Number of protein chains: 2
Amino acid sequence: MPKREKSKRLQVVITQEQDSLLTKTAYQLSNPERLVSKSEVVRLGIEMLNRAVEEGKLPPDIIKSLDHDS
Amino acid sequence: MPKREKSKRLQVVITQEQDSLLTKTAYQLSNPERLVSKSEVVRLGIEMLNRAVEEGKLPPDIIKSLDHDS
């Protein structure tokens, strides 16, 4: 996937808790040869979630968390 | 989780393709009583990805997509 083509800037409001999750996940995916940014984590998250929805494999408690979250 | 407390604004650069995925996923999670926003999809994605990492259940091809993506 060509990265610089047709990119869009997305603004998302997240809680500090979610920001910490992001940082933690980015760190866990990183290694000494490869630093993973928080942006990359977000992009991976989008891909994973989309895949789960397509395959009908969305964890039920994830959907539930929507209701608390709006 | 209290939503308005300690929120942070996150800027992420995504491709148009990923933006379309977001829209599509938001639509698929929506129903006539509950409209799901793209921001919510991103937040769910963060949660899902974090959970997968914690449980060591990250799909191997998701990790692979990192290498094309930086």
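Above this text sits the structure in question.
No experiment lies behind these values; they were computed from the predicted model shown. (Residues numbered from 1 in each chain as written. Chains lettered and ligands numbered in written order. Predicted model: local features only at pLDDT ≥ 70, side-chain atom pairs only at ≥ 80, totals over all residues. Heavy atoms only, no water.)

Things to note about the nonpolar core
Within the largest apolar cluster, 38 residues are counted, with the highest numbers of intra-cluster contacts made by Val42 of chain A together with Val42 of chain B. At the level of elements, β1 (7-15), α1 (16-29), α2 (38-54) and α3 (60-69) of chain A together with β1 (7-15), α1 (16-29), α2 (38-54) and α3 (60-69) of chain B are the ones that each hand at least two residues to this core. Setting aside residues up to four positions removed in sequence, Val42 of chain A forms contacts with Leu22 of chain A together with Leu10, Val12, Val42 and Ile46 of chain B. (Core = buried A, V, L, I, M, F, W, Y, C linked by side-chain atoms within 4.5 Å. Buried < 20%, exposed > 50% of the residue type's maximum accessible area, 1.4 Å probe, protein only. Helix = DSSP H or I, 4+ residues; strand = E, 2+ residues; numbered from the N terminus. Contact = heavy atoms within 4.5 Å.)

Topic: the relation of the copies chain A and chain B
Its rotation angle being 180 degrees, the transformation that places chain A on chain B also includes 0.0 Å of axial translation and leaves an RMSD of 0.0 Å. Both chain copies can therefore be described as sitting about a two-fold axis. Of the C-alpha atoms belonging to chain A, the one lying closest to the rotation axis is found on Gly45 of chain A, 2.1 Å away. Mapped onto chain B, 100% of the interface residues of chain A again fall at the interface, so both copies present the same surface. (Least-squares fit on C-alpha atoms with pLDDT ≥ 70 in both.)

Description of the pattern of salt bridges
Within this structure, the stated rule accounts for 12 salt bridges over all chains. Residues Arg51 of chain A and Asp61 of chain B are paired through a salt bridge, measuring 2.6 Å at the closest nitrogen-oxygen approach. Of the two residues, Arg51 of chain A is situated in helix α2 and Asp61 of chain B in helix α3; the pairing between them involves two chains. What makes Arg51 of chain A partly exposed here is its relative accessible area of 25%. We note a salt bridge from Lys24 of chain B to Glu54 of chain A, for which the minimum N-O separation is 3.4 Å. One end of the pair, Lys24 of chain B, is in helix α1; the other, Glu54 of chain A, is in helix α2, on a second chain. A residue is classified by how much of its surface remains accessible, and Glu54 of chain A, at 45% relative accessible area, is partly exposed. Connected through salt bridges with shared partners, the residues Lys8 of chain A together with Asp19 and Lys38 of chain B form a single ionic network. (Salt bridge = Lys/Arg side-chain N within 4 Å of Asp/Glu carboxyl O.)

Brief notes about α1 of chain A
Those residues of α1 of chain A that fall on the buried side of the exposure criterion are Gln18, Asp19, Leu21, Leu22, Thr25, Ala26 and Leu29 of chain A. Projected down its long axis, α1 of chain A carries its buried residues within an arc of 155 degrees, all on one side. Residues of α1 of chain A that are exposed and angled more than 90 degrees away from the buried face: Glu17 and Tyr27 of chain A. Lining the buried residues of α1 of chain A we find β1 and α2 of chain A together with β1 and α2 of chain B. (Arc of directions from axis to C-beta.)

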